[in-house]
Structures are given as C-alpha cells and as structure tokens.
Amino acid sequence: MSVGSPLIFRPSFAQRAMAMLLFAGSWMVGVRALAQILERLPILRTSLKVAESAGEPTWSFWIAVTAAVGAVVAGSLLLLGTLLGVLMVEGSQVLVDELGLAVEHNALPAPLARKFGAGRLLWKQISRLERSGPFFLLRGGGEPGAIRKDPNLRILLVDELERLILTILERSPNLKQDE
C-alpha cells in the first residue's frame, strides 16, 4: 500500500440505515410522548385549582407536574443523544495509510468532532486499544515531557471492523496488552 492510497473504513449502508431507523423511531416516540404530556398538563392544572379551592392538599399534583417536566427534559436529552449518534454514524470514517490512521466525524462541527474522538495518530503513537461503551478507543501514548498530548480516537461503527482492528494490532509497535 502506498502513502497516496489509504484504506478507508466507513459504516456500511445497513449500519447507517439501522442508525437512521433508530433515530426516526425514537423521535416519533418522543414527539408522541411530549404531545401526551402537554395534553395532560391542562387537566393537572384544573385539578390543582379545584383542590386548592376545596382546601385539599396539592402536593401530589405538584409532584405530577414536576415529574412531567422532568420527563420532558430527560426525553429531550435522550433525543439529542440519538441525533448525535446518527451524525457520528453517518459522517464517520477511518483512514489508514503507511504513517498511521485518522478518524474523521464529518457530520459534526470540527470542535465537537475532536471532542468525540476525531484526529490522527501515527502508528508509533498508539499505546492502547480498548472498548469504552459503544466506542473502540485508541489511546495515544505521548512522550512524558511532550508539549502537546496525543489525542484519543474513538471509532463507533465501521464496516469490516475486524480487518481494521487486525491492521491496528499488526502495525502499532507500542501497543500495550491489558493485564
């Protein structure tokens, strides 16, 4: 393999389609749940007013309203997580050449992509390959007194993942074994 022709690993069509289906399904369920919560809020408000006018305790209604608002906030965070996941699957690619490998997340803005594991490592810089949640994590070893720290690269999904992992294991001279 020459330096001018890198191997490119991307998620397959089936992997991207599955991520898109999960994304669309979660948004459909989330929007439906939000509509049901918003539909129930006027009923809870009316019940609260009736309980206040009758002099009954209203703490159970306040708990229900707080739970509804908490559910909306938690659901929103989960939906943003699915959006981030589909953007990472759709725009990610791993470039492997003679010098090292580069992970790109093209669908994310550059600062966010670097935060989520985009970057480049030379073969000699790769010190660890491990699994961290849904990601494969490539840790850069870095020199002890180096000014700039090596990035940690994250790979979520690629087609032919076994081939990529074997290539990393074969070409990384400083890769350490977990004990």
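Relevant structure appears above.
Cut-offs applied
Residues numbered from 1 in each chain as written. Predicted model: local features only at pLDDT ≥ 70, side-chain atom pairs only at ≥ 80, totals over all residues. Heavy atoms only, no water. Patch = residues over 30% accessible without salt bridge, like charges linked within 9 Å, V, L, I, M, F, W, Y side chains within 5 Å. Areas by Shrake-Rupley, 256 points an atom, 1.4 Å probe, with all protein chains shown as cover. Salt bridge = Lys/Arg side-chain N within 4 Å of Asp/Glu carboxyl O. Helix = DSSP H or I, 4+ residues; strand = E, 2+ residues; numbered from the N terminus. Buried < 20%, exposed > 50% of the residue type's maximum accessible area, 1.4 Å probe, protein only. Expected span 1.5 Å × (residues − 1). Contact = heavy atoms within 4.5 Å. 1 Å grid on protein atoms, 1.4 Å probe; cavity = no way out; pocket = protein on both sides within 12 Å on 5 of 7 lines; lining within 4 Å. Points joined across faces, edges and corners; volume = space filled by probe spheres on them. Nonpolar A, V, L, I, M, F, W, Y, C, P; charged D, E, K, R; others polar. Pairing = 2+ DSSP bridges. Axes fitted to C-alpha atoms, helices over the stretch in contact; angles between N-to-C directions.

(A) Seen up close, a nonpolar patch on the surface. On the surface, a nonpolar cluster with roughly 440 Å² of combined accessible area is contributed by V69, V73, L77, L80 and L83. Along the polypeptide, L83 turns up in helix α2 (residues 59–91). Taking relative accessible area as the criterion, L83 reaches 31% and is therefore assigned partly exposed.

(B) Highlighting α2. With 33 residues, α2 extends 48 Å from end C-alpha to end C-alpha; this agrees with the ideal 48 Å at 1.5 Å per step. Turning to α2, its buried residues number three or more, namely A68, L79, V86, M88, V89 and G91. Those residues of α2 that are buried are in contact with α1 (13–54), β2 (92–96), β3 (100–105) and β6 (135–140).

(C) Here's a closer look at the layout of surface pockets. Considering only enclosed or pocket space, the largest pocket measures out at about 300 Å³ in volume. Together, 17 residues line the largest pocket, and G81, G85, V86, V89 and L156 are the ones closest to its centre. Listing elements by their share of the lining of the largest pocket, those giving two or more residues are α1 and α2. Sorting elements by how many residues they give to the lining of the largest pocket places α2 first, with 7 residues. Its residues assigned to classes, the lining of the largest pocket shows 13 nonpolar, 4 polar and no charged.

(D) Quick peek at the pairing of β3. Among the 6 residues of β3, 5 are classified as buried, and the element is accordingly described as predominantly covered. Alignment of β2 against β3, held across 5 bridges, turns out to be antiparallel. Note on β3: the bridge partner recorded for S92 is H105. Where β2 folds back on β3, the antiparallel hairpin that results is connected by 3 residues. In this structure, β3 lies alongside strand β4 (residues 119–122), joined through 4 bridges in antiparallel fashion. Within the sheet, the bridge partner assigned to L101 lies in β4 and is L121.

(E) Seen up close, the sheet that holds strand β7 (residues 153–155). On the basis of which strands lie adjacent, the open sheet formed by 3 strands has the order β5-β6-β7 and antiparallel pairing. Each end of this open sheet is capped by a strand with a single partner; those strands are β5 (126–132) and β7. Sheet twist, expressed as the average angle between the axes of neighbouring strands with direction ignored, equals 20°. Sheet topology places β6 next to β7; 3 bridges connect them, and they run antiparallel. The partner of F136 across the bridge, within β7, is I155. Strands β5, β6 and β7 of the sheet are contacted by helix α4 (residues 161–171), whose axis makes an angle of about 150° with β5.

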